[in-house]
Number of protein chains: 4
Amino acid sequence: MSGSSYGNIFRITTWGESHGKGIGVVVDGCPAGLSLCEADIQQYLDRRKPGQSKFTTQRNEADSVQILSGTFEGKTTGTPISMVVLNTNQRSHDYSEIASYYRPGHADYCFDEKYGFRDYRGGGRSSGRETIGRTAGGAVAARLLKEMGITFLTYSRSIGPVTIEESRFDANAIWDNKLYMPDAAAAEEASSYLEDCMKNRNSCGGVIECQVKGLPVGLGDPVFEKLDANLAKAILSIGAVKGFEIGDGFAAAHSTGLTNNDAFFMKDGHIEKKTNHSGGTLGGMSDGSTLIFRAAVKPTPSIASPQETVNQSGEDIEISIKGRHDPIIVPRAVVVVESMAAITILDALLSNMTARLDRVVDFYKKEN
Amino acid sequence: MSGSSYGNIFRITTWGESHGKGIGVVVDGCPAGLSLCEADIQQYLDRRKPGQSKFTTQRNEADSVQILSGTFEGKTTGTPISMVVLNTNQRSHDYSEIASYYRPGHADYCFDEKYGFRDYRGGGRSSGRETIGRTAGGAVAARLLKEMGITFLTYSRSIGPVTIEESRFDANAIWDNKLYMPDAAAAEEASSYLEDCMKNRNSCGGVIECQVKGLPVGLGDPVFEKLDANLAKAILSIGAVKGFEIGDGFAAAHSTGLTNNDAFFMKDGHIEKKTNHSGGTLGGMSDGSTLIFRAAVKPTPSIASPQETVNQSGEDIEISIKGRHDPIIVPRAVVVVESMAAITILDALLSNMTARLDRVVDFYKKEN
Amino acid sequence: MSGSSYGNIFRITTWGESHGKGIGVVVDGCPAGLSLCEADIQQYLDRRKPGQSKFTTQRNEADSVQILSGTFEGKTTGTPISMVVLNTNQRSHDYSEIASYYRPGHADYCFDEKYGFRDYRGGGRSSGRETIGRTAGGAVAARLLKEMGITFLTYSRSIGPVTIEESRFDANAIWDNKLYMPDAAAAEEASSYLEDCMKNRNSCGGVIECQVKGLPVGLGDPVFEKLDANLAKAILSIGAVKGFEIGDGFAAAHSTGLTNNDAFFMKDGHIEKKTNHSGGTLGGMSDGSTLIFRAAVKPTPSIASPQETVNQSGEDIEISIKGRHDPIIVPRAVVVVESMAAITILDALLSNMTARLDRVVDFYKKEN
Amino acid sequence: MSGSSYGNIFRITTWGESHGKGIGVVVDGCPAGLSLCEADIQQYLDRRKPGQSKFTTQRNEADSVQILSGTFEGKTTGTPISMVVLNTNQRSHDYSEIASYYRPGHADYCFDEKYGFRDYRGGGRSSGRETIGRTAGGAVAARLLKEMGITFLTYSRSIGPVTIEESRFDANAIWDNKLYMPDAAAAEEASSYLEDCMKNRNSCGGVIECQVKGLPVGLGDPVFEKLDANLAKAILSIGAVKGFEIGDGFAAAHSTGLTNNDAFFMKDGHIEKKTNHSGGTLGGMSDGSTLIFRAAVKPTPSIASPQETVNQSGEDIEISIKGRHDPIIVPRAVVVVESMAAITILDALLSNMTARLDRVVDFYKKEN
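The structure reproduced in this document is the subject of the present report. (Residues numbered from 1 in each chain as written. Chains lettered and ligands numbered in written order. Predicted model: local features only at pLDDT ≥ 70, side-chain atom pairs only at ≥ 80, totals over all residues. Heavy atoms only, no water.)

### Remarks on the sheet that holds strand β1 (residues 5-6) of chain B
Residues and elements named next belong to chain B. What counts, and what does not: We call two strands paired when DSSP finds no fewer than two bridges between them. Helix numbers and strand numbers start at the N terminus; a helix is a DSSP run of H or I with at least 4 residues, a strand a run of E with at least 2.
Spatially, the five strands line up as an open sheet ordered β1-β2-β3-β7-β4, and their pairing is antiparallel. For this open sheet the edge positions go to β1 and β4 (65-67), each flanked by a neighbour on one side alone. With six bridges joining them, strand β2 (residues 11-16) and strand β3 (residues 22-28) adopt antiparallel strand pairing. Bridging from a neighbouring strand, Ile-12 pairs with Val-27 of β3.

### What to know about the relation of the copies chain C and chain A
Inclusion rule: Least squares is the method for superposing the copies, and the C-alpha atoms it fits come from residues with pLDDT of at least 70 in both. We call two residues in contact whenever any of their non-hydrogen atoms come within 4.5 Å of each other.
Least-squares fitting of chain C to chain A yields an RMSD of 0.0 Å, with the transformation described by 0.0 Å of translation along the axis and a rotation of 180°. Such values leave the two copies arranged in the relation of a two-fold axis. A symmetric contact is evident, with 100% of the interface residues of chain C recurring at the interface of chain A.

### Regarding the packing of aromatic side chains
What counts here: Two aromatic rings, drawn from Phe, Tyr or Trp (for Trp, its six-membered ring), form a pair once their centres lie within 6.5 Å of each other, and the interplanar angle then sorts them: stacked below 30 degrees, edge-to-face above 60, tilted otherwise. For every residue, the accessible area (1.4 Å probe, protein chains only) is compared with the maximum for its type, and the residue is labelled buried under 20%, exposed over 50%, or partly exposed between those bounds.
Applying the stated rule across the entire model yields 42 aromatic pairs over all chains. A ring pair is formed by B:Phe72 and C:Tyr120, whose centres lie 5.1 Å apart and whose planes are at 90°; its orientation type is edge-to-face. With B:Phe72 in strand β5 (residues 71-72) and C:Tyr120 in the loop between α3 (108-115) and α4 (131-147), the pair connects residues from two separate chains. Given a relative accessible area of 8%, B:Phe72 falls into the buried group.

### Focus: the interface of chain C and chain A
Rule in force here: Defined in terms of a 1.4 Å probe, buried area is the accessible area two parts forfeit on being brought together, summed over both. Definition used for salt bridges: Asp or Glu carboxyl oxygen within 4 Å of a side-chain nitrogen of Lys or Arg. By the convention adopted, Pro, Cys, Tyr, Trp, Phe, Met, Ile, Leu, Val and Ala count as nonpolar, Lys, Arg, Asp and Glu as charged, and the other residues, Gly among them, as polar.
Listed as interface residues are 28 residues of chain C and, on the opposing side, 28 residues of chain A. Summed over both sides, the interface of chain C with chain A buries roughly 2600 Å², with 67% coming from carbon and sulfur. When residues of chain C are sorted by the area they lose upon contact with chain A, C:Met353, C:Leu357 and C:Tyr364 head the list and together hold 26% of the total. Along the contact surface separating chain C from chain A lie zero salt bridges. Elements with a contribution of two residues or more to the side of chain C that touches chain A: α4, α8 (330-351) and α9 (357-367) of chain C. With nine residues, the single largest contributor to the side of chain C that touches chain A is α9(C). Of the residues belonging to the side of chain C that touches chain A, the class tally is 18 nonpolar, four polar and six charged.

### Comments concerning the pairing of strand β10 (residues 206-213) of chain D
Residues and elements named next belong to chain D. Within β10, seven of the eight residues are buried, leaving the element largely enclosed by the surrounding structure. Here β10 runs beside strand β16 (residues 291-297); their pairing, made up of seven bridges, is antiparallel. Along β16, the bridge assignment pairs Val-207 with Ala-296.

Written out as structure tokens, the structure is:
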């Protein structure tokens, strides 16, 4: 099945493996007339590129993006935007060992069963480098949404056992620490924790939170194409994500109707909500308040500590994974979460334009 | 956007409103040759029909299903299976009140903004009755999967503050209590809690858990069509679901690689895992162990207690919602979760058949 | 594969067999606010219903449509519109003979090979009655397009060897003869030819032509989603259609650039074309002139004359097909062609709304 | 709308403009294990590359393809195959003239209306170079189909007024003349005609015919996903194609049931047809005989003779198009038609694997 495309109207198709010639994405369905240059994309890619801190792989990749099509004189033309990042630092070391066994927590075994064999170099298609394509596509979506007043705030909410304190929440702090946490004290504590992790040849996970402001009411559709349902798919499609919740999420399951319902009230002639337990959607449609959701990210499965597993000859063995592995992927995954959210929201926004006949009629009257 | 279809190869398209003529589904892409009769579907619908206990709406609907097409001499023919449940107990009471305001926690406001107006009778398309179509479609999928040795165990894990105890887990108990809990003691405790809820004109939420056994390795695709990503969408597309997690889910975010990785080992010549923190998928593909995931369900938003809201004239008002409302929807939603999972898994299973050239070649050689 | 849906944003899903309980369609993605009642649909269905003339099957079906969902107080709500026509005149005669062999020119043999068996009663899913769902869906699309000033003129261009004369073209005549020909003299000649056909227990084919006026410029997309490409699929998906051409079509293949190019010129401040060899599209997009295309329809394969074939036991046999068969399906297929065109065009029109960023921005500015 | 993808299970996504950095395609859903190297692709691309004869543009492009992803050790891995052809010979001449007016027979005007502006250099996305991506994708599909015994024979049937004679049909001749005609005498006659065309600064069209042998029975689905319907879309999506017919096509419209029906008979224990008026499909499914269809290609719209048109300032003007234009595109489009057919057929073949439950069950039994 052709599973490398995401989105309906605004659609990305990604390609590439960790140690192939490059990684890329084709963005199709982008409205014509958006100012777009390589720097717009690079800014997003830089948020996920390796080597930003001691907690990220030291693979030395500039991850420089080229736009190969779809723009003319600095603007999108409505035709597909092809973007590519060439792989320049694939180490040519011997992969014969990793080729022979199945790493715990990785997709190696499933790949072999599904496809009969696998590109084992650096994880192949299941490498974190696969997210380069998503991020480049998300950069285009976010760029367009910004033109419409829709903005994102995405950050690490938890790193291992360390969670930010609401009282210390500081959006500016996100850019001041390598962990993208909106709480300087928590970031410091998390750094210490990560150093211990590395010493112990262990790894950890965390929680990413994303807030989206400026959404019009009514994005998303009432049944299968609920905005939150599509966000859930988008987020779970990122490797290592094991959970998704919107608004109060799992806490809502233990709440009551009286507490969990958000009361509507009038403010300056507009309808608003007194609280936001719903997280910005009702019945699958955006409700005009801030969209807020969380992604649970599992610990990096590649660890240097000894682990039990089996090899392709069907023998029980013990292994220690070598190589350049992040003790945590959360900080680099922040921009990936934002990218997938941006694509999902833009797609819903474009889709929503056909919901009402009066607006369709008006659109074409105006045009002609 | 045409948002009432779900699935790619095996696809359901649902229709119908709470107080329209009926609710239905068209199941397309079902392989030919499956034994199927109305009783197979009815058995699933009966698990979600109203009036099963004092905790469910007393709307008196038999919810009897008719198969209108797609079967011949008791077997599916490969053509679309149309199924319908006629609405017979829509109360003809006056809806002018509910029409005039926006119920907190409901989609009323979003519908009006998105579509310009809404069918306000009983929630219209956003009614829980919408899930009849999903359940009928899920019954077909589950029926087919059973032929392939794939089985489901779905139940209420939490009702409000009451969660089942692993040590008391008893699959048979699920069918012995009206709350579909696999723990008789917890079910009793939860019943008391629900009675209090009703007395207080309040409502509560809960957590549904689903286990799937018998999956071959390799279902799901490595990037956007991950099995868990599609399950997340399927489950979040059910009204009132606010969170999804697979395996250890959010707990994995606070774990470490050493703990969270599942070691592979050989057992009777097959590869198995010593633990199942992953919940049955690796890299988005089924890994041969039990698939296990959870859905967080919010409290029923329709409560009899007074609530603040606004009306369509833009005035702040106080309301009390009348009518027949479940204090909790979790027990009736159990079969809906199972249905959406069955459709998702069957779709992945059919999609997976084209993954390997040798198997494709073999398939056609054999056929001719 | 789920092959019973057509369209992306405006999408129909059809179901039903000739001798099952009924035939139906679910229309999803219809913008909210369209006035729609059963009479709007019935008017279209009446153009294809049996018993209109001596040249159509005498099966006595009223083909009365019911709308089961998707409208409220006479308007579409944006939710799926389910429509059904119950089968009331399935003859209960013995089908054991037809079940045993493969009718030439029919899909019987392919069905058995593909699905393992078939619903042989009256052609099952491959019956002409399958087009009821398309026609009901097309009626909705055409109703909406009319609101936007887009209108259709569809008619029989050829019946067997008889083709209309351009010089006698009279749009009003279409409704004055049972063959839907815009040329009274040709209709009379064709009637005589058909009577001969019937006497000879033979059948014939013909050509249907469709003109669409009022299209804005730019519908359709430049590469795979060309407007003419989608029309070609829509039209070839109608049973018995063997060819499609737009504008000069096959004649253009024998023309030259100097003749075939349509010169642009200014008229009243607008761009127009001096000729319309292109048939209303350039580069896959509507060009503002009348869209004109043709469908080649093969002769009805069910004929009473003796024919050679094989039976399911693998024996060569001779058969004569009994029953109520049209000597030509062209007149009844006219409205089916129009319906498929309407759905295709509406889908392109809705899709086109997201082509330009300035219009997207403007749409949302206005809305809020 | 994201209109640059084609196919469901086996899907291509193309990108690139005539004078951008390159042209490419991402092939997704290709089964793992297919031997594939750049030479396999290049062989196809060479059949459409410029400069093959005096009748093709003299733009000097090697059109060398690179595979950037999706293969490992010479075999496809099941992940997306990204292929690119860099543009190396874009002439840097001044496009200000062509930018200012609308060429007759081209998409310039429609682009401006739809997207607000256009990449006017060499036709931008509507250039014939867009077909490079299709051809590279088609090469992969054809390569795989060959492994299954499915082969293509595609050729020019007519060039302008010159049509091949059935009695002189010689498949080997196709490769012996630059016009890809299976009739040496016709090819010679056509060459003379083309030389006259060029002298007259005119152009012409033609008809391409494609035969496919070795198809199993039952490919394609009975309603909207008919094999012939999808072929029609695939072929009409190629720029300059104005008509499609399968089997007897438009001639069938003037035939009778007695003549047009193909009688079945037994041959060596298999069912065959005595004739093939249907062109290899019945009811939208392959019927086991040779698939045969035709595409009508219009004359190249770019001609050196003076033409009337309008400019962007809304003035009537006269123009003469300069530059390197083929007097006919038919010979180079032959491989594009074959490519689109291969993709369509492979997609139908993969889709067909899920049609029967017994085969699905058997597939998974065998696998485990």
